[in-house]
Amino acid sequence: MNYPNNKHEQIIHTCFDELKLSFSQEQSFHIILGVSAITWINMNEEYSSSNLKIDKFLEGHRCIEVMQHELKNFEYEFYEFNGILTGILHRTFIYEDRSAEEKLKRIFNLVGDKRFSSVDEVRNFINRLTSIGSLICGFNETPDGIKKIIPGLIDFNNVTTFADYCSGTSGIALEIFQHIKENYINDDVYYYGEEINATNYLISKLLMIVNKIKNHRVVNKDVLMFSGDDVDRKFDLVISDIPQITFSDRYLEVNDPRLRYGIPARNSADWAFCQNVVYHLNNTGKGIVIGTKGTLVRSNEADIRRRILEDDLIECVITLPVNLYEKSTIGTELIIFNKNKTGDRRNRILFINASEYNYRLNRNQHTISPEGIKKIIESYIYGVEEGHFSIFADIEKIKEYNYTLNPTEYLDFDLLKNSFSNSIGLKEVAQITRGVQLSKEDLEQLSRERTHYFINVKDIENGRICYDEESMLTNKKNDWIGKYDIKPDDIILTSKGSSVKIAIVDDDYRPAFISGNLTRIRVNPKKYNAYVLYEFLQSDIGVKMIEGLQTGTTIKLLNTPQLERLEIPLFEMEYMNDIGDEIKNNKIEYEKTLEYAKEKFNYRRDKLMESLQLK
């Protein structure tokens, strides 16, 4: 293992190496954390009367048994620790073999009080260990870059209470308390956290004690479960780093007072978490949600976004770089809610795109650059507008975009459209249809009678459709003809995949249907020329505009409602048809040239192979 230069990180990784053959990584993390906490207790005068002494565990045998006994006594004597250390270390107590005992003693030597010069150094060590250990154990802890942004967005002179729903190990809260301390702001701030994972909950409680956060309460609870205690909980600031993959369940009831703006679809609970944040804000409160691009654009949540926008509750949306979470490549977005917007920000939203301000942190993770963090904070605080980075959009404008909150659309689309003398919406000149989605059973049954090719993403190559004989099937319903089939000049593009592929149907096409991973654009020839549109979609401007419409990171998604909003350049019809005919003829000539060159190459190659008697 390559150790980092930092002294604390070297100790942490040495400890993991010491334990790896006897314990899982998660168990190892809990052992190192538990031992570090005992070291902190030993060096803290407040607990000097305790019998929880490191020397006891290093003497003689039955180290684990002695530690278990002393921890129970300690937690009984100091109630603030009740259940914390025994909970973190409970899986360690089942090991009674000599090798486990010796390894545990080794960790006490590695992380004992002789390693640290002060109790504050042990505290810093525990804080760093928690960040590293959470990643090792597979928890998606909020990245450091985001933790540094959040305190800069808020005036903590006006904050006396704040909450974190989905609080993890309370990393954001600790960053906020550090910010308050460094800026000499009133430190009598109350913190409330809710976390569903029991281990993270215990670690969070431990960190509150170690970092001397007196005015707090952390509970082990599913955020989506509403209880009577929730009714009166209102805060100046509410934060939520919501799970990146969420599903609605039985807890989301019609009569849940938090969900006044609508109940999300079962396949995504993002806006249940968002509404929970809004619900717990007081009349002047601000909320910050850490979500994904899907949170901003999913069409089945447009009504929820509409109702929230009608109440003018969203102040800012910030696109951050991708790959900020080590265990995930999904892009990250910040949504800032504000129940008390200033007059100049009412009925509009500030959109910021900071996706380019990043650098590689390690092999699996990027982080936000210091320049990006500074620019985000200043743009939000001062309401700065800057081309391709930040812009205000009125609610009426957002309504035109079907209440999507994707910053790229508002930042880039108008600028790109300005490069056109005139423009028109794609839905005004073409019919846009998503292909048919078939199950494995449908494919097996329909392939028994073979009347049409079934085109999928793999069949789109270099602007042409490759017809696969193995994919042939027949239509399941009569309306497939006209609805999912292809005709000359239809433009086919991928609606789902790692990249966008585009093809246009030639005159010598074959009968075929398109799959659900493809979208068909059937242009009205009286309103637009298909070949001009085909080339525009592949142009630099067209590509940028399509990228702005896409959602997803690894798998790109392009929905029909998003495509309908695409603005395309408008030309005189006669002029456009003349250019379109030339584009078509040029494409045909190019493909014929390629085909001739390929035949010539293969013919000469065969002859050369015959000369070598290899054919």
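Here the structure is a predicted model, which means the values were calculated and not measured.

Reading guide: rules and limits
Residues numbered from 1 in each chain as written. Predicted model: local features only at pLDDT ≥ 70, side-chain atom pairs only at ≥ 80, totals over all residues. Heavy atoms only, no water. Helix = DSSP H or I, 4+ residues; strand = E, 2+ residues; numbered from the N terminus. Buried < 20%, exposed > 50% of the residue type's maximum accessible area, 1.4 Å probe, protein only. Contact = heavy atoms within 4.5 Å. Areas by Shrake-Rupley, 256 points an atom, 1.4 Å probe, with all protein chains shown as cover. Lys, Arg positive; Asp, Glu negative; His and termini not counted. Charge placed at Lys NZ, Arg CZ, Asp CG, Glu CD. Phe/Tyr/Trp six-rings, centres within 6.5 Å; stacked < 30°, edge-to-face > 60°. Pairing = 2+ DSSP bridges. Axes fitted to C-alpha atoms, helices over the stretch in contact; angles between N-to-C directions. 1 Å grid on protein atoms, 1.4 Å probe; cavity = no way out; pocket = protein on both sides within 12 Å on 5 of 7 lines; lining within 4 Å. Points joined across faces, edges and corners; volume = space filled by probe spheres on them. Nonpolar A, V, L, I, M, F, W, Y, C, P; charged D, E, K, R; others polar.

K.L.:
Looking at this structure, I do not really get the overall build of the chain. What am I missing?
P.N.:
For the chain, the helix and strand inventory stands at 22 helices and 23 strands. Summarising its shape, the C-alpha atoms of the chain cover approximately 90 × 75 × 45 Å along the three principal directions. The buried share of the chain, taken over its 615 residues, is 53%. Considering only contacts within the chain whose residues lie at least 6 apart along the sequence, 74% involve residues at least 24 apart. In the structure as shown, the chain presents an accessible area of about 29500 Å², 47% of it carried by carbon and sulfur atoms. Separation between the mean location of the 78 positive side-chain charges and that of the 93 negative ones in the chain comes to 3 Å.

K.L.:
Can you walk me through the packing of aromatic side chains in this structure?
P.N.:
The geometry of an aromatic ring pair comes down to the distance between the two centres and the angle between the two planes. Applying the stated rule across the entire model yields 22 aromatic pairs. Consider the rings of Phe74 and Phe78, whose centres lie 4.9 Å apart with planes at 40 degrees: the pair is tilted. The same class applies to Phe74 as to Phe78, namely buried. Centre to centre, the rings of Phe116 and Phe125 are 5.2 Å apart; their planes meet at 55 degrees, and the pair counts as tilted.

K.L.:
For this particular structure, what's the right way to read the sheet that holds strand β19 (residues 502-504)?
P.N.:
Strand pairs in the sheet, formed through backbone hydrogen bonds, run parallel or antiparallel to each other. Spatially, the four strands line up as an open sheet ordered β13-β21-β17-β19, and their pairing is antiparallel. For this open sheet the edge positions go to β13 (430-434) and β19, each flanked by a neighbour on one side alone. For this sheet the average axis-to-axis angle between neighbouring strands, irrespective of direction, equals 20 degrees. Summarising the sheet, strand β17 (residues 491-494) and β19 pair through three bridges and their orientation is antiparallel. The residue bridging Ile492 from the neighbouring strand is Ala503, located in β19. Where helix α19 (residues 530-538) meets the sheet, it contacts β17, β19 and β21 (518-523), and its direction lies at approximately 165 degrees from that of β19.

K.L.:
In this structure, what is going on with empty space enclosed by the protein? I would like to understand it.
P.N.:
A water-sized probe rolled over the atoms picks out the places where empty space is left. Scanning the entire structure with this criterion turns up two cavities of 30 Å³ or more. By volume, the largest cavity amounts to about 50 Å³. Val297, Ser299, Arg305, Tyr401, Asn402, Thr404, Asn559, Pro561, Gln562 and Arg565 together form the lining of the largest cavity. Partitioned by chemical class, the residues of the lining of the largest cavity number three nonpolar, five polar and two charged. Roughly 30 Å³ of internal volume is contained in the second largest cavity. Lining the second largest cavity are Asp241, Ile242, Gln244, Ile290, Gly291, Thr292, Tyr325 and Thr332. Among the residues forming the lining of the second largest cavity, the class breakdown is three nonpolar, four polar and one charged.

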